[in-house]
Amino acid sequence: MRQLVILSGKGGTGKTSVAAALAHLASEEMSIVLADADVDAANLELVLEPTKLEEHAFMGGQVAVIDPDLCQLCGRCYKVCRFDAVLPGDDTYRVDPLACEGCASCVYQCPEDAIHVEEQHAGLWFRSDTRFGPLFHAHLFAGQENSGKLVTLVKQHGRLLALDEGRDLLLVDGPPGIGCPVISANAGADLALLVTEPTVSGVHDLERILGTVRHFRVPALVLINKADVNPAHTAGIEAYCRAQGIDLVGKLPYDTVVTQAMIQGQPVTIYQPEGTMTAALREVWERVRRRLNGAGPSPTAISE
Amino acid sequence: MIIAVASGKGGTGKTTVATSLALSIPEGVQSGTDLPGRFAQPLFLDCDVEEPNAALFLRPRLEDYEEVGILIPHVDHDLCTYCGRCAEVCVWHAIAVVGKNVLIFPELCHGCGSCTLNCPEGAIHEVLHVMGSLESGQAGPIAFGHGTLNVGEAMAVPIIRQLKAKHAVHDGHGVAILDASPGTSCPVVETMRGADFVLMVTEPTPFGLHDLRLAVQVARDELGLPVGVVVNRDGVGDLGVDEYCAAEGIPILMRIPLDRRIAEAISGGKALVEALPEYHPLFVALYEWIAEEITARKEAR
């Protein structure tokens, strides 16, 4: 079983649209499991028509709760909290649950034993069926912490099912950024597909996400989306990839067909099976598949 | 007056809107307070410390650099009796006592200081674990600051917290614009906390709408902040965002049409109001609407 993660650094470069298309194309020739690792803005389900089979509570971190009857207003909790989560009030101190990191430092410091911690019901995770394979996804509740922990959970269940059923591929749609949920999404991947765009932000963020996957020793491939929006930056990314020894697996045109497919709730490869976008994505999948199987594509094989 | 710019979904144009908004704050407004001080100019803070991009468009002269991070424990082995109390109180399992050895895992530590406070021997002191940096400087008429999370580090929130503290965002004078990261979890909450208004930049697509709903839940429902929407790439998708905003009573304050010229200008690092000056009056009006809304709300209280 191989694990492919789709990342980008910058948001909105097309990770989920690419993930949905690759899910479709991969499922034509192998058995796959899908995991949506963008748990605070999970969109893969919007284009895969999933049928939910299971729903589970995600218990995230804990938050401190102050008992106003016991609180003597000494202010010790307020002083020791490094997260500005303890708020002074007239009759008692209280805890802002959105700011509290659940460290329990105040619990140990309170001379009245007036503080305890409570586990937070921080989200839900689901096992669903799609026509391409099982999907594991989640909804982190608004403003909650521990998205990295939920990402790990979603991926773990996907991985276990893939191993149990002898499936070939775990395809992970990752979150934007480079921080904790990205690190969790990237963990254990055999290959990362980095979707970028030829903009100053896209180029800047590509360097940072590439640094991140390399830091964790996951080999990377690059896909340039909306490549014709700025040919000079596209050429720059190609040169950068060559210099870094990173294979470019394709360039996708700027095409609103991707949005039209999204509105229909379909991967673009199903919405417009004969279009140029689908043809380009088939080439991308072919190169990704060869790399997953251990045969690297040659960067020079990509037509200009 | 603190305006946070957020979106839920990534790539909807947060930085495009935030930078053009900052460049459109009328002169005189920012110095119109009786407390000029450091807020005599509008302040722009890029709080997307995982991928800070606003500097690419505002091109500040960055003059101040500072490494930041969290305080992690350092054990003085002459004083340590290996009692294990530090490990017992650490909810992150960032410190472990194994025989006559204390292991510290900086990547798990949140810097809460509980181990230090609980050590009966006073054997722990704290040292800075660098996770990123803060930079600031001048971008034309704008005071600019951003934070950068180091590659390989997991926690963005401490960097955002220190960025906001360094620039005394919550002093209440002048205008501060905070550019948030995508998503709806802790880094976004940390950026929005204490704001007077959250401007949501979305695109009229199912992904845009789905994530806008979640971002509104954070800003309006959890934090109790007023919100308004900018619809970017208007015309690219469907009517879901319009219908949602109408049903929720959320004002749509601006529409930026799907326009390849905009995409090309942004791709080259130009701010929208620089590339297409016809947008300047629209951003001035957007700023004035938000400023009036914030003032009216403050007076109502």
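Digging into the domain arrangement of chain B
Point 1. Looking at the assigned domains, one finds that chain B contains domain 1 (2-67 + 132-300) and domain 2 (77-122).
Point 2. Computed from C-alpha atoms alone, the centre-to-centre distance between domain 1 of chain B and domain 2 of chain B is 40 Å.

Considerations on the confidence of the model for chain B
All names here are of chain B.
Point 1. The predicted model of chain B averages 93 in pLDDT, with 95% of residues at 70 or higher.
Point 2. Note on residues 30-39: pLDDT under 50 across the span, and 15 contacts to partners over four residues away in sequence or across chains.
Point 3. This prediction of the complex comes with two scores: 0.94 for pTM and 0.92 for ipTM.

Focus: the sheet that holds strand β10 (residues 220-224) of chain A
Strands in a sheet are paired, the pairing made by backbone hydrogen bonds, and the direction either parallel or antiparallel.
Residue and element names in this part refer to chain A.
Point 1. The strand order across the open sheet formed by nine strands is β3-β6-β7-β2-β8-β1-β9-β10-β11, and the pairing between neighbours is mixed. A single partner strand is all that each edge strand has here, and the edge strands are β3 (51-66) and β11 (247-251). Each adjacent strand pair in this sheet contributes to an overall mean axis angle of 20°, direction not counted.
Point 2. Sheet analysis places strand β1 (residues 2-7) next to strand β8 (residues 169-173), joined by five bridges and oriented parallel.

Examining the domain arrangement of chain A
Point 1. As far as domains go, chain A holds domain 1 (2-49 + 131-301) and domain 2 (62-121).
Point 2. The distance between the C-alpha centroids of domain 1 of chain A and domain 2 of chain A comes to 41 Å.

Things to note about helix α10 (residues 276-292) of chain A
All names here are of chain A.
Point 1. A rise of 1.5 Å per residue sets the reference length of α10, with its 17 residues, at 24 Å; its end C-alpha atoms lie 24 Å apart and thus fit the reference within 8%.
Point 2. Among the residues making up α10, those that are buried are Thr 278, Leu 281, Val 284, Trp 285, Arg 287, Val 288, Arg 289 and Arg 291.
Point 3. One or two steps after α10, the chain reaches Gly 294, where phi turns positive at roughly 100°.

Looking at the interface of chain B and chain A
Point 1. Each side of the interface is counted separately: chain B has 52 residues, and chain A has 52 residues.
Point 2. If you list the elements that add at least two residues to the side of chain B that touches chain A, you get α4 (114-118), α6 (186-192), α7 (206-222) and α9 (260-267) of chain B.
Point 3. If you tally residues by element for the side of chain B that touches chain A, the top one is α7 of chain B, at nine residues.
Point 4. Counted by class, the side of chain B that touches chain A contains 20 nonpolar, 23 polar and nine charged residues.

The rules behind these values
- Residues numbered from 1 in each chain as written.
- Chains lettered and ligands numbered in written order.
- Predicted model: local features only at pLDDT ≥ 70, side-chain atom pairs only at ≥ 80, totals over all residues.
- Domains from an automatic or database assignment.
- pLDDT = per-residue confidence, 0-100.
- Contact = placed C-beta atoms within 7 Å.
- Pairing = 2+ DSSP bridges.
- Helix = DSSP H or I, 4+ residues; strand = E, 2+ residues; numbered from the N terminus.
- Axes fitted to C-alpha atoms, helices over the stretch in contact; angles between N-to-C directions.
- Expected span 1.5 Å × (residues − 1).
- Buried ≥ 20, exposed ≤ 12 C-beta atoms within 10 Å, placed from the backbone.
- Nonpolar A, V, L, I, M, F, W, Y, C, P; charged D, E, K, R; others polar.

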